[in-house]
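Structure assessment
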Amino acid sequence: MGTVALGAATLGYAVGIERRHWTLRQAELPVLAPGARPLRVLHISDLHMMPSQKSKQRWVAALGELEPDLVVNTGDNLAHPQAVPYVLRALGSLLERPGVFVFGSNDYYAPKPKNPARYLMPRGKKKRIHGNHLPWRDLRAAFVEHGWLDLTHVRRTFDIDGQRIFAAGLDDPHLRRDRYNQIAGPADPAVLRIGVTHSPEPRVLDPFAADGYDLVLAGHTHGGQLRIPGIGALVTNCELDRSRARGASRWGAHMWLHVSAGLGTSPYAPARFACPPEATLLTLVPRPTPGERHQEDTPRKARSDIR
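Calculation criteria
Residues numbered from 1 in each chain as written. Predicted model: local features only at pLDDT ≥ 70, side-chain atom pairs only at ≥ 80, totals over all residues. Heavy atoms only, no water. Helix = DSSP H or I, 4+ residues; strand = E, 2+ residues; numbered from the N terminus. Buried < 20%, exposed > 50% of the residue type's maximum accessible area, 1.4 Å probe, protein only. Contact = heavy atoms within 4.5 Å. Areas by Shrake-Rupley, 256 points an atom, 1.4 Å probe, with all protein chains shown as cover. Core = buried A, V, L, I, M, F, W, Y, C linked by side-chain atoms within 4.5 Å. Axes fitted to C-alpha atoms, helices over the stretch in contact; angles between N-to-C directions. Parallel < 35°, antiparallel > 145°, perpendicular 65-115°, else oblique. Left-handed = near helix turned anticlockwise from the far one by under 90°. Nonpolar A, V, L, I, M, F, W, Y, C, P; charged D, E, K, R; others polar. Lys, Arg positive; Asp, Glu negative; His and termini not counted. Salt bridge = Lys/Arg side-chain N within 4 Å of Asp/Glu carboxyl O. Polar contact = N/O pair within 3.5 Å; in protein donor to acceptor, adjacent residues only side chain to side chain. Pairing = 2+ DSSP bridges. Arc of directions from axis to C-beta.

Moving on: the overall build of the protein chain. Broken down by element type, the protein chain carries six helices and 15 strands. Within the span of the protein chain, comprising 307 residues, buried residues form 52% of the whole. Of the contacts formed within the protein chain by residues at least 6 apart in sequence, a portion of 76% connects residues at least 24 apart. Looking at the protein chain as shown, the accessible area adds up to about 14,100 Å², and 52% of this sits on carbon and sulfur atoms.

Take a look at the structure:
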């Protein structure tokens, strides 16, 4: 009886409370060229927006008050065929800031009910399950109309406050739509060289690192979505190791990786435990020069819970 009661209480918390505990995480990463001015990057991912999710829409809209220098959206914005106007309403004033984006599987296809046990199966044994097509073209058109740059298989150079930024991105590796050969080659010289992808598959992170990118941003993992305190994520739903399911880590000798735990869930698995929905404000600062004191590989970080 006690075990059943504990399980019911845990499930009630995961479904009724934590999945709406909107959280702003903050971290400082040393990725800019020496002498550059700090940049504030807001990383948003995995909204999985439904028209009825008013609390999420209000919270995301309030992120505009942060006035980031750059917004990076790493996909999975939609969870309903009528969600596009609600995503745009939520992003609100953020669409007036410089922004870049790529799409994920749940921009292209609606979610479908799935057996949760399939996430524990080896990836090669999983049968791909797609829902109905979603209006991703409408969402893309709206993002581009507001001035955000679509990084899908393109290399872009742009300025932010007089500082040159180089960026490139991929279509969703989770759907094997990525074509790295279309953006391959050394990253152009810039204050910041940034790669953007939805799913942080090692097969795409390795070439980003080899081509000299400073930072890659990704989502998809939901941070594991259900984490066990002291153990962490049980799955990542990709080939990335579980220790990197959310947050910042080093990838190779010179590149940083940041994986967002995202702001949503599938409507068929509406639960989070020890992994609240999040957006991340990254403060990017210059890398230490060879003559400076060596910095630790762990980024400075903090968490702010904002309801």
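Bringing the nonpolar core into the picture now. Grouped together as the largest cluster of nonpolar side chains are 32 residues, with contacts concentrated most on Ile 44, Leu 63, Leu 91 and Phe 143. Those elements that place two or more of their residues in this core are β2 (39-44), α2 (54-62), α3 (84-91), α5 (136-145) and β14 (278-286). No other element matches α3, which puts four residues into this core. Apart from residues lying up to four places away in sequence, Phe 143 is in contact with Asn 73, Asn 77, Val 87, Leu 88, Leu 91, Leu 95, Phe 101, Phe 103 and Trp 148. With 25 residues, the next largest nonpolar core counts Val 31, Leu 39, Phe 158 and Ile 165 among its residues.

Running from N to C, α3 and α5 cross one another at 25°; their axes reach a closest spacing of 10 Å. By the angle class used here, α3 and α5 are roughly parallel. By crossing handedness, the relation of α3 to α5 is classed as right-handed. Where α3 abuts α5, its residues Val 84, Val 87, Leu 88 and Leu 91 lie against Leu 139, Ala 142 and Phe 143. Partitioning the contact of α3 with α5 into residue classes produces seven nonpolar, no polar and no charged.

Along the polypeptide, Glu 18 turns up in the loop between α1 (2-16) and β1 (23-32). One buried charged side chain, Glu 18, makes no salt bridge at all; its nearest oppositely charged neighbour is Arg 272, positioned 6.5 Å away. Engagement of the side chain of Glu 18 in a polar contact is seen with the backbone nitrogen of Cys 275, the distance being 2.5 Å.

Where burial is concerned, most of β14 is hidden: seven out of the nine residues are buried. Here β1 pairs with β14 via nine bridges, running parallel. Counted as the bridge partner of Arg 25 is Thr 280 from β14. Taken together, the five bridges between β2 and β14 define a ladder with antiparallel strand orientation. Bridging across to β14, Arg 40 finds its partner in Thr 283.

Per the stated rule, a full pass over the model turns up ten salt bridges. Taking the shortest distance from any N to any O, the salt bridge between Asp 214 and Arg 287 comes out at 3.1 Å. Remark: Arg 287 occurs in the loop between β14 and β15 (300-305) and Asp 214 occurs in the loop between α6 (202-210) and β9 (215-218); sequence separation between them is 73 residues. A single network of salt bridges, built from pairs that share partners, joins Arg 193, Asp 214 and Arg 287.

The strand order across the open sheet built from six strands is β6-β7-β8-β9-β13-β12, with neighbouring strands paired in mixed fashion. The sheet is open, and its two edges are formed by β6 (155-160) and β12 (247-251), each paired on a single side. Averaged over all adjacent pairs, the angle separating strand axes in this sheet is 25°, with direction ignored. Bridge analysis of strand β7 (residues 163-169) against strand β8 (residues 192-196) gives five bridges, and the strand direction is parallel. Within the sheet, the bridge partner assigned to Ala 168 lies in β8 and is Gly 195.

Turning to the side chain of Thr 23, a few remarks are in order. Residue position: Thr 23 is located in strand β1. A polar atom in the side chain of Thr 23 sits 2.9 Å from the backbone oxygen of His 21.

All of the buried residues in α5 are Trp 136, Leu 139, Ala 142 and Phe 143. Buried residues in α5, looked at end-on, bunch into an arc of 125°, giving them a common side. For α5, the exposed residues lying more than 90 degrees away from the buried face are Arg 137, Asp 138 and Glu 145. Structurally, α5 contributes buried residues whose contacts are with β3 (70-73), α3, β4 (99-101) and α4 (105-108).

In terms of strand pairing, β12 meets strand β13 (residues 255-259) through five bridges, oriented antiparallel. By the bridge assignment, Ser 249 is partnered in β13 with Leu 257. Taking the residues that link successive antiparallel strands as the turn, the β12-β13 hairpin has three residues, and the phi of Gly 252 there is positive, at about 80°.

By themselves, these observations are geometric and do not establish any function.
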